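Fold and contact review
What follows is the residue order along each chain.
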Amino acid sequence: MDAIGRNHIGQLVQRQFLEFLEKFRVRKEDGSPDSEAYYLAQAAKMVTEEKKTLYVKMSHFGEVIKDEVSFDPDVLMSVIQNKYMIVRDHLHAAIPQLLDKLEGDELQEKVKKARGANETEYVIAFHGMPGTFSGIRSLRAECLGRMMTISGTVIRTSDIKPELLVGSFSCNECNRVVTGVDQQFKYTLPQLCPDPRCGNRSNWTLLEFDKKGTRFGDWQRLRLQEGELEVPAGAMPRSIDVIVRGETCEVCKPGDKVLITGSLIVVPDVPTMMNPADLKQQVRRALTRTDANYAGGGMQGLRGMGNRDLTYKMSFFGSCVESNSDWSKDNAGEDIRGDDKPHLSQADRDKFFKISERKSDCFEVVARCVAPHIHGCLEMKKGILLMLVGATSKRTQEGIKLRGDINVCLLGDPATAKSALLKWTSKFLPRAVFASGKSSTAAGLTASVTRDMEMDQEKVIQPGALMLADNGICCIDEFELMDQKDQSAIHEAMEQQTITLSKAGIQATLNARASILASCLPRNTYYDTTQPLHKNCELTPPIMSRFDLMFVMQDVHDEGNDDHIANHIMRLHRFGEEGAVKPTLSELELQRYIRVARSFRPRMQPASHSRIIKCYLKLREDRVYVRGACGVTVRQLESLVRLSEAIARIHLSEFITVEHVNMAFELQMNTLKRLERENIDLEGFGAEEPPAEEAPAAEEGAAPAAPAPALRKKITCSYAQYQRISHMLTRHLYEKEGAGEEVKEEDLFAWYLEQVEEDIKTEADLKDQEQLLKKIVERLIMKDRVIIVARPSEDPAKPEGRILVKHPNYPVGEVVGA
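In what follows, the accompanying structure is described. Everything numeric here is computed off the predicted structure, so don't read it as measured data. (Residues numbered from 1 in each chain as written. Predicted model: local features only at pLDDT ≥ 70, side-chain atom pairs only at ≥ 80, totals over all residues. Heavy atoms only, no water.)

Examining the overall build of the protein
As a reminder, the rule being used: The way it works is that DSSP assigns letters per residue, a run of H or I at least four long becomes a helix, a run of E at least two long becomes a strand, and they are numbered from the N terminus. Classification of residues uses two cut-offs on accessible area relative to the type maximum, computed with a 1.4 Å probe and protein chains only: under 20% is buried, over 50% is exposed, and between them is partly exposed. Contact between two residues is taken to exist if any of their heavy atoms lie within 4.5 Å; hydrogens are not considered. Areas reported as accessible are Shrake-Rupley estimates using a 1.4 Å probe. Residue values count occlusion only from the protein chains shown.
When its secondary structure is counted, the protein shows 27 helices and 28 strands. Relative to its 818 residues, the protein shows a buried fraction of 45%. Put simply, 73% of the contacts in the protein that link residues at least 6 apart link residues at least 24 apart. Of the roughly 43,000 Å² of accessible surface on the protein, 50% is carried by carbon and sulfur atoms.

Structure, rendered in structure tokens:
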């Protein structure tokens, strides 16, 4: 297409686009158009805020009423998409014409002042392209000049630098000035001096301070890498350079998952402009050879005629950068750590606050929604939920920062779903990075300094996994396989949440405000309950003290638990996601719930203040509770404060109560102290005792006595399950006692079964729960002395009619049997 044809198309598009900006109105909920033009209002706001970019949504072209305009909106949108680089300058030129349509003397005065400075700085940024985005791998030469949207992860950003957009040049032969020389992504000189007596083509001087003819602008280069879901099996992820200008600079940072709307361009790649030390050997040999060495070689292609080697490389010119909310699945997600205020429908708001009002099991209900395809692991899911919610970061008067992010470590036997929990967490957050300890180094986790060959050998900082996960979570699998020196490199990042670089002449302190979720195997593959924790893992005491929670996941051979896990896995294989148990909150609802919870800033109450001190003192006094070889330090006190605040956030509470502190203390105790305890043996308690009294009668015949051991099933429960059920029962008795009501044992059983009716699927499950509950109540009465019998049953045939009350010396929420 010649210059006249391009100019004709550009003017036609400019006139129709200006009409679109003047007449488009957003439709209301009832279908009627708004009284105010949408883009005129945006232009007025742009002038008021002294901005230079007008954002246009591409889907608005399809909402235009065709009878109100003199053009076809579909044709205009198609021309803008297919001929974007041709009509781009004409689209920008429509903004000053739109500003003249604004009403108001004050606005017109601001418009006149802005246009007097430089009206060519106004730009149009398109976003919201219809259809799906394009992958970096699918970019081809046929896409040059078209408007499109690409997606990926920003892995590197350069500094903001000046770029010559339009230049004025002075001829060094005749001093003639040539103005209005457009620069298209490279330094472009005038082709020929306009003086017919001169004929100069190369000897020019740039007039840098000619404000009318020379214009500079800010530009920045981003390195965009395709997402992990777009990389084919066995292939390396590809990346592309993205050039952004003006107000689009510094919009994103390394680690952001973004959508960039713009056009694919080509820029020259001249090897002779590079340092010979950085060129390939054959290219360097070709550039440095002399004619004398090749005197008899004859003509060597175009190079022999004096032409230089010139190749081109593809880049992407981005006009609009926006956050990508489609980071994990086909369904849109929500950034739970976003800064903007969450917007909820009334139905979601009512549902969330209804869950938060369930004081007894709110924490467990929300925790079960974490990784619903993984059976069990409720304690670990609670820890991951607390890590997702986090606490509030604080700063002392001396400027010392107290982190609010929570670090969690999963120490477990093989095949206990450690990696599955890490993978789910990395997919749940947009700023989450998954790394493997075996293939990770200190520089790969923190940062490194490299030379950028395309930026004049400038030293740049290459971000590592912790920097890319800033304001997110870094999941490190096989943590025990990392070298000791690599583990020590993240000491500063785990506590101070910064990374200090002192290398290659660069002294910098970088932010690494990320939580760390690590998983590792025990020293001898399987956890040895006879050894303390620090002898079961390869972690150093400084690393262990920086983890707020450490969970041990043991592969316990239990017939009932194995049956539940097997049925759960088989349902997933047969029916897919439909076979899994539907959680209370879907993944999108869980993201919104966590985002609402993070908007709360709970405050400490005097009662909870003193309770935290007592819990810390108890940890220090307890000789059994030894956190590795370093013991209990002040870091565990800070961890207790963070956990309490996170639990208060989950309950959507404005205050940290004593109950929240007790939950945090119990979770912190269970992560380690529970490991030295075996499962609670419930034999000798409960309603199974009366049949045992018939054993002497059976001694008369040896035959019937033989099968008795085979019929008898040993009943045990885990330590955490025993504590949870005990706390539920004692809390219910305490509340009824405060209301002045008596509680019979049968009423207590009926209340508990109502609370866990969601977990009871068959009649056999109901019988197991009843038998387990009877034995736990008997143990609480006979051994732990937590519950006492206030009055026996009036009917000897119905012993479950006795009245039960909580022991007056037992505080609600205390560890039972500790």
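So, a negative patch on the surface
Selection rule: Here a patch means residues that are over 30% exposed by relative accessible area and free of salt bridges, tied together within 9 Å if like-charged and within 5 Å if nonpolar (Val, Leu, Ile, Met, Phe, Trp, Tyr). The salt bridge definition used is simple: a Lys or Arg side-chain nitrogen within 4 Å of an Asp or Glu carboxyl oxygen. His is not counted, nor are the chain ends; Lys and Arg add positive charge and Asp and Glu add negative charge. For this purpose, a charge sits on NZ of Lys, CZ of Arg, CG of Asp or CD of Glu.
Side chains of Asp-555, Glu-559, Asp-562 and Asp-563 sit close together on the surface and give a patch of like negative charge. Mapped onto the fold, Asp-562 is located in helix H16 (residues 559–575).

Some thoughts on the side chain of Thr-498
Applied cut-off: Polar contact criterion, stated in full: a pair of N or O atoms within 3.5 Å, where within protein one must be able to donate a hydrogen and the other to accept it, and residues adjacent in sequence count only if both atoms are side-chain atoms.
Positionally, Thr-498 belongs in strand S18 (residues 498–503). On the accessibility criterion, Thr-498 (17% relative accessible area) is buried. One polar contact links Thr-498 to Glu-492, side chain to side chain, over a distance of 2.8 Å. Every residue in contact with Thr-498, bar those within four places of it in the chain, is listed here: Glu-492, Ala-493, Thr-509, Leu-510, Asn-511 and Ala-512.

Topic: the pairing of strand S20 (residues 515–520)
Here is the key point about a regular strand: its side chains alternate between the two faces of the sheet. Note the threshold: Note on pairing: DSSP must find at least two bridges between two strands before they are called paired.
Across the six residues of S20, six count as buried, placing the element largely inside the fold. Sheet topology note: the strand S13 (residues 408–412)/S20 ladder contains four bridges and is parallel. Counterpart to Cys-409 in the pairing with S20 is Ala-518.

A short note on the packing of helix H26 (residues 745–755) against helix H27 (residues 763–782)
Selection rule: Here an angle of 0 to 180 degrees is reported between the N-to-C directions of two axes, which are lines fitted to C-alpha atoms, with helices fitted over the stretch in contact. Each angle gets one of four labels, with under 35 degrees taken as roughly parallel, over 145 as roughly antiparallel, 65 to 115 as roughly perpendicular, and the rest as oblique. By definition, any crossing whose near helix is turned counterclockwise from its far helix by less than a right angle is left-handed, and any crossing with a clockwise turn is right-handed.
Where H26 contacts H27, the two axes come as close as 11 Å, and the packing angle between them is 130°. Compared by their axis directions, H26 and H27 come out oblique. Crossing of H26 over H27 shows right-handed handedness. Side by side, H26 and H27 meet where Glu-745, Phe-749, Tyr-752 and Leu-753 of the first sit next to Leu-766, Gln-769, Glu-770, Leu-773, Lys-774, Val-777 and Glu-778 of the second.

Topic: the pattern of salt bridges
Two side chains carrying opposite charge are able to pair once their charged atoms lie near each other. For the coordinates displayed, the defined rule picks out 26 salt bridges. Here Lys-110 and Glu-106 are joined by a salt bridge, their closest N and O atoms 3.9 Å apart. With Lys-110 and Glu-106 both in helix H5 (residues 105–118) and four residues apart, the pair spans about one turn of that helix. Its relative accessible area of 60% is what places Glu-106 among the exposed residues. A salt bridge links Asp-548 to Arg-403; the shortest N-O distance between them is 3.1 Å. Here Asp-548 is found in the loop between helix H15 (541–545) and strand S21 (549–553), whereas its partner Arg-403 is found in the loop between strand S12 (401–402) and S13, with 145 residues between them in sequence. Here Asp-548 and Arg-403 have matching classes, each one buried. In the salt-bridge network here, residues are joined through shared partners; they are Arg-403, Glu-495, Asp-548, Arg-635 and Arg-642.

Some remarks on helix H3 (residues 73–82)
We count it as follows: The reported arc concerns the directions from the helix axis to the C-beta atoms and nothing else.
For H3, the complete set of buried residues consists of Pro-73, Leu-76, Met-77, Ile-80 and Gln-81. One side of H3 carries all its buried residues, which in axial view fall inside an arc of 130°. The secondary structure elements touched by the buried residues of H3 are helix H1 (3–23), helix H4 (84–99), strand S2 (123–127) and strand S3 (147–157). Looking at where H3 begins, the residue whose side-chain oxygen comes 3.2 Å from the main-chain nitrogen of Asp-74 is Asp-72.

Some remarks on the nonpolar core
Stated formally: The term nonpolar core refers to a set of buried residues drawn from Ala, Val, Leu, Ile, Met, Phe, Trp, Tyr and Cys, joined through side-chain atoms within 4.5 Å.
Leu-385, Leu-386, Leu-410, Leu-517, Leu-590, Tyr-593 and Ile-650 are the most contacted members of the largest nonpolar core, which has 59 residues in total. Among the elements that make up this core, the one with the highest residue count is helix H9 (residues 378–389) (seven residues). When sequence neighbours within four positions are dropped, the list of residues in contact with Ile-650 reads Cys-362, Phe-363, Val-366, Leu-385, Leu-386, Val-389, Tyr-593 and Ala-597. By size, the runner-up hydrophobic cluster in this structure holds 38 residues, among which are Cys-409, Ala-435, Cys-537 and Met-550.

A closer look at H9
Here is the rule we go by: Multiply 1.5 Å by the residue count of a helix minus one, and that product is the helix's expected span.
Taking 1.5 Å of rise per residue, 12 residues should cover 16 Å, and H9 covers 16 Å from first to last C-alpha, within 8% of that figure. When you tally the buried positions in H9, you get 11 out of 12 residues, the bulk of the element. Of all the positions in H9, only Glu-379, Met-380, Lys-381, Lys-382, Gly-383, Ile-384, Leu-385, Leu-386, Met-387, Leu-388 and Val-389 are classed as buried.

Examining the packing of aromatic side chains
Quick reminder of the rule: Here the aromatic set is Phe, Tyr and Trp, taking the six-membered ring for Trp, and pairing holds for ring centres within 6.5 Å; pairs whose planes are under 30 degrees apart are stacked, those over 60 apart are edge-to-face, and all others are tilted. Distance and angle both matter: a charge sits over a ring if NZ of Lys or CZ of Arg is within 6 Å of the ring centre and within 35 degrees of the ring normal.
Summed over all chains, the structure comprises 12 aromatic pairs. Arranged with centres 6.0 Å apart and planes meeting at 55°, the rings of Phe-17 and Phe-126 form a pair that is tilted. In this pair, Phe-17 is assigned in helix H1 and Phe-126 in strand S2, connecting sequence segments 109 residues apart. According to the relative accessible area criterion, Phe-17 is buried, its value standing at 0%. On the accessibility criterion, Phe-126 (0% relative accessible area) is buried. Through a chain of ring-to-ring contacts, the aromatic side chains of Phe-17, Phe-20, Phe-24, Tyr-38, Tyr-39, Phe-61, Tyr-84 and Phe-126 assemble into a single cluster. Sitting over the ring of Tyr-122, Lys-52 keeps its end group 4.6 Å from the ring centre. If you follow Arg-779 out to its NZ or CZ, it ends over the ring of Tyr-722, 5.3 Å from the centre.

Quick word on the sheet that holds strand S27 (residues 787–791)
On the basis of which strands lie adjacent, the open sheet formed by three strands has the order S26-S28-S27 and antiparallel pairing. The strands lining the two open edges of the sheet, one partner per strand, are strand S26 (743–744) and S27. Taken together, the four bridges between S27 and strand S28 (residues 803–806) define a ladder with antiparallel strand orientation. Note that in S28 the partner of Val-789 across the bridge is Leu-804.

Points about the sheet that holds S20
If you walk across this open sheet you meet the five strands as S14-S17-S20-S13-S21, and the pairing is parallel. Two strands bound the open sheet, and with one partner strand each, they are strand S14 (432–436) and S21. In this sheet, neighbouring strand axes are inclined to one another by 15° on average, regardless of whether the strands run parallel or antiparallel. In this sheet, S21 lies alongside S13 in parallel orientation, the contact comprising five bridges. Following the sheet pairing, Gly-412 is matched in S21 by Met-553. Along the sheet face, H9 touches S13, strand S17 (473–477), S20 and S21 and points at about 150° away from the line of S21.

Notes on a nonpolar patch on the surface
The grouping of Leu-144, Val-266, Tyr-312 and Met-314 at the surface amounts to a nonpolar patch, some 340 Å² of accessible area in total. Within the secondary structure, Tyr-312 is located in strand S10 (residues 311–323). Looking at Tyr-312, the relative accessible area reads 51%, which means it is exposed.

Here we look at empty space enclosed by the protein
What counts is decided by this rule: A cavity here means a set of points on a 1 Å grid, drawn over the protein atoms and nothing else, where a 1.4 Å probe fits but cannot get out; a pocket is an open set with protein on both sides within 12 Å along at least five of seven lines, and a residue lines either one if it has an atom within 4 Å of a point. Grid points are joined across faces, edges and corners, and a volume is the space filled by probe spheres set on the points. Gly falls in the polar group here, along with every residue not listed as nonpolar (Ala, Val, Leu, Ile, Met, Phe, Trp, Tyr, Cys, Pro) or charged (Asp, Glu, Lys, Arg).
Following the criterion strictly, the structure yields two cavities of 30 Å³ or more and no others. By volume, the largest cavity is sized at about 400 Å³. Considering the residues around the largest cavity, the lining is formed by 19 residues, among which Ser-360, Glu-364, Met-663, Glu-666 and His-727 are closest to the centre. Listing elements by their share of the lining of the largest cavity, those giving two or more residues are helix H8 (362–367), H9, helix H20 (658–672) and helix H25 (719–738). A total of six residues in the lining of the largest cavity trace back to one element, the largest contributor, which is H20. When its residues are assigned to classes, the lining of the largest cavity shows five nonpolar, five polar and nine charged.

Here's the deal with the environment of Glu-492
Residue placement: Glu-492 occurs in helix H14 (residues 491–495). Taking C-alpha positions, Glu-492 is 10.0 Å from Arg-546, a pair spaced 54 residues apart along the chain. Not counting the four nearest positions on each side in its chain, Glu-492 is found in contact with Gln-497, Thr-498, Ile-499 and Thr-500.

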